[in-house]
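Inside the fold
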Amino acid sequence: MNHDSPLPGIGTRITRYGTILAVSGIVCKIMLLVYTVLAVDILGREGFGRIEYFIEMAIIFSVLIDFGLEQTVTREVARRREDTGAMLYPLLMFRLAAALAGGVVMAAFLWLLAQPGHTSALILASITYFLVISVIMLVRAVVRGLELMTFEGIANILDKVVHIGLAILLLFAFPCLPLIVLCYTSGAMVSLLIYLGIILKRIGISRETYSYQDWIDWQKLAVPIGLSAACILLLHREDTVMVNWIRGDEETGLYRAPYRFLEGLFLFPQVLAISAYPVFSKLFHDKQPFSQSASDLLRGLIIISLPIAVGGTCIGTGMMTSLTPELGQAGGIVFILLLWSLPFIYANFLLGTILNATDRQHRNFQASAWGLASNALLNIPAIYWFGAYGAAVVTAVSQAVYCLIMLIYVHDFKLITGLPRYAAIGAACLVMAALLHLIDFAWYIEVLIGGVTYLAALAAFQGVTGREMLTLWSVVKRR
């Protein structure tokens, strides 16, 4: 791959889209964490874990039914926007048929594997959520392919306002688990209506003639991405299901509550991957280089993720004990263990995006399959003997396996350059950790002190240059 300088505008577009989604994401994550704290306190570990199990199952089935079509549609719309109108109707019919069939399979699966407390009402509520998010995945892909990230940000916020607003009311007034699951569906319906409205206004949906062969052709095109998407989904989600099956709802709650906080930290790589994917796809299609931009983005992700893992190790127990006293010190230990998967997860978002955008989906599948296999095999003894602790450790190990294999597959991009800069990041983290070890304040005060210390040390060690900071500020200021 050519390692020339990136064309003007690549960083601007990614930063602009990323800023839009980051702002909406921060609002959503804060609301979700407030809901998590209240839900754990009111429902207890068992009730919260039960809800999380059914929501996770709905997400797993939605990704398996989609099987890569979301990312494929995003890529194809970004490359062939003039054909978007003709694509939509056959794709929507395909998705509706697949979602209905998937709902039947999901209902049978949940019913056959139901544990005490897994009622028919809970199963039905989770299926409604599955049906709605399955359709959302398709229409959101079109919006992303058109690079209309502003509307995705609005949809995300309104989704969480409705979902969490209704859920909190129910938690205090009538904490019925199936109704709380339906709050997730209500929020998702708001997002769906927004995406459909944007599509109807921008390009419309015309009734096109199609054959079942069109459905088959689309799914064939999506299969390589679908294989990797299924593996990545299970890599992130299967541990929750395995904890539930091996250790029950209560242990699931102990694992999922800290994992919810970890997911809040996924915001930055998520929005970067979403923003970069259509841009990288278009540039690759037009045979224009972007390897330097990708290298800078990878180093930026490490600049963010490594200090979170190091600093979180110092303050994680105090933070989780304060926010989720129902979990006790065990919640803090699980959170700290999970934090060490963060640098790998951050890198994986970008590396997977590069592979998919450059038509190397099969490589992404191979890497994710190895990560998934290591996760599944190690989780069985780890969860059996150590419960949530074991699942957290295996999460970090399997994400590292996935990351290292992908780095091999993108070696031609020469993404890891400027090793002294990476050494500076590590040194700045050590300075921060040393200071946090010496002081004894409330955890939120230590977060501020640690952040300021890290940034000062990073600048002093030249982990980031003044020119880079000015460039970033100029891009953000213009938008």
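Analysis parameters
Residues numbered from 1 in each chain as written. Predicted model: local features only at pLDDT ≥ 70, side-chain atom pairs only at ≥ 80, totals over all residues. Heavy atoms only, no water. Helix = DSSP H or I, 4+ residues; strand = E, 2+ residues; numbered from the N terminus. Rg over C-alpha atoms; globule rule 2.2 N^0.38 Å. Buried < 20%, exposed > 50% of the residue type's maximum accessible area, 1.4 Å probe, protein only. Areas by Shrake-Rupley, 256 points an atom, 1.4 Å probe, with all protein chains shown as cover. Lys, Arg positive; Asp, Glu negative; His and termini not counted. Charge placed at Lys NZ, Arg CZ, Asp CG, Glu CD. Phe/Tyr/Trp six-rings, centres within 6.5 Å; stacked < 30°, edge-to-face > 60°. Expected span 1.5 Å × (residues − 1). Patch = residues over 30% accessible without salt bridge, like charges linked within 9 Å, V, L, I, M, F, W, Y side chains within 5 Å. Salt bridge = Lys/Arg side-chain N within 4 Å of Asp/Glu carboxyl O. pLDDT = per-residue confidence, 0-100. Contact = heavy atoms within 4.5 Å. Axes fitted to C-alpha atoms, helices over the stretch in contact; angles between N-to-C directions. Parallel < 35°, antiparallel > 145°, perpendicular 65-115°, else oblique. Left-handed = near helix turned anticlockwise from the far one by under 90°. Polar contact = N/O pair within 3.5 Å; in protein donor to acceptor, adjacent residues only side chain to side chain. Nonpolar A, V, L, I, M, F, W, Y, C, P; charged D, E, K, R; others polar.

On a plain count of helices and strands, the protein comes out with 17 helices and zero strands. The C-alpha radius of gyration of the protein comes to 22 Å, within 12% of the 23 Å expected for a compact globule of 479 residues. Considered along the principal axes of its C-alpha atoms, the protein spans approximately 65 × 55 × 40 Å. Relative to its 479 residues, the protein shows a buried fraction of 55%. Summing over all exposed atoms, the protein offers an accessible surface of approximately 19,700 Å²; the carbon and sulfur share of this is 70%. With 32 positive and 30 negative side-chain charges, the protein shows a separation of 8 Å between the mean positions of the two kinds.

Attention now moves to the packing of aromatic side chains. Here a ring pair, both rings aromatic, is described through the centre-centre distance and the interplanar angle of the planes. Summed over all chains, the structure comprises twelve aromatic pairs. Consider the rings of tyrosine 129 and tyrosine 184, whose centres lie 5.8 Å apart with planes at 75°: the pair is edge-to-face. One end of the pair, tyrosine 129, is in helix 4 (residues 120–145); the other, tyrosine 184, is in helix 6 (residues 177–202), with 55 residues separating them in the sequence. Taken as a pair, tyrosine 129 and tyrosine 184 share a single burial class, namely buried. Among the aromatic residues, those joined into a cluster by ring pairs are Tyr255, Tyr259, Phe266 and Phe349.

In this section: helix 6. The end-to-end C-alpha distance of helix 6, which contains 26 residues, comes to 39 Å, matching closely the 38 Å that a straight helix rising 1.5 Å per residue would cover. Two residues or fewer after helix 6 comes glycine 204, characterised by a positive phi angle close to 75°.

On the surface, Trp111, Leu112, Leu113, Trp245, Ile246, Ile333, Tyr384, Trp385, Phe386 and Tyr389 cluster together into a nonpolar patch covering about 1,200 Å² of accessible area. Put simply, the parts of the chain that give the nonpolar patch at least two residues each are helix 3 (84–112), helix 7 (212–247) and helix 13 (361–386). Assignment of secondary structure puts isoleucine 246 in helix 7.

Scanning all chains against the criterion turns up 16 salt bridges. We note a salt bridge from arginine 256 to glutamate 263, for which the minimum N-O separation is 3.4 Å. Judged by its relative accessible area of 0%, arginine 256 is buried. With relative accessibility at 11%, the residue glutamate 263 sits in the buried group. We note a salt bridge from glutamate 263 to arginine 260, for which the minimum N-O separation is 3.6 Å. With glutamate 263 and arginine 260 both in helix 8 (residues 249–264) and three residues apart, this pair spans about one turn of that helix. Comparing glutamate 263 with arginine 260 shows no difference in burial state: the two are buried.

Moving on to the confidence of the model for the protein. Here the protein averages 84 in pLDDT, and 92% of its residues register 70 or above. Averaged pLDDT values over the elements of the protein bottom out at 52 in helix 17 (residues 466–478) and peak at 94 in helix 14 (residues 388–409). Contacts for the low-pLDDT stretch residues 475–479, under 50 throughout, to residues beyond four places or in other chains number six contacts.

Between helix 2 (residues 69–79) and helix 4, whose axes approach to 8 Å, the crossing angle comes to 30°. Taken together, the axes of helix 2 and helix 4 are roughly parallel relative to one another. Here the hand of the crossing between helix 2 and helix 4 comes out right-handed. Every residue of helix 4 that contacts helix 2 at Leu69, Glu70, Val73, Thr74, Val77 and Ala78 is listed here: Met137, Leu138, Arg140, Ala141, Val142, Arg144 and Gly145.

Along the chain, serine 398 falls in helix 14. Along the primary structure serine 398 and alanine 188 are separated by 210 residues, whereas in three dimensions their C-alpha atoms are 31 Å apart. Setting aside chain neighbours within four positions, we find serine 398 in contact with Leu235, Gly371, Ser374 and Asn375. Of note is the side chain of serine 398, whose polar atom sits 3.1 Å from the side chain of asparagine 375. Of the polar contacts made by the side chain of serine 398, one reaches the backbone oxygen of threonine 395; its length is 3.2 Å.

So, on to the packing of helix 3 against helix 7. Interaxial distance between helix 3 and helix 7 falls to 15 Å at its minimum, and their mutual angle equals 35°. Pair helix 3 / helix 7 crosses with right-handed handedness. Contacts from Met87, Pro90, Leu91, Met93, Phe94, Ala97 and Phe109 in helix 3 reach Trp215, Trp218, Gln219 and Trp245 in helix 7. Partitioned by chemical class, the residues of the contact of helix 3 with helix 7 number ten nonpolar, one polar and no charged.

Topologically, threonine 453 is positioned in helix 16 (residues 443–460). The buried category is assigned to threonine 453, whose relative accessible area is 17%. Apart from the residues within four sequence positions on either side, threonine 453 is in contact with Val431, Met432 and Leu435.

What follows concerns the environment of glycine 68. For glycine 68, the position within the fold is in the loop between helix 1 (10–66) and helix 2. Excluding its chain neighbours within four sequence positions, the residues that come into contact with glycine 68 are Ala222, Ile225, Gly226 and Ala229.

It is worth spelling out helix 12 (residues 342–357) at this point. The first and last C-alpha atoms of helix 12 sit 23 Å apart over 16 residues, in line with the 22 Å expected at 1.5 Å per residue. Where burial is concerned, most of helix 12 is hidden: 14 out of the 16 residues are buried. Phi for aspartate 359, located one or two positions after helix 12, is positive at around 60°.

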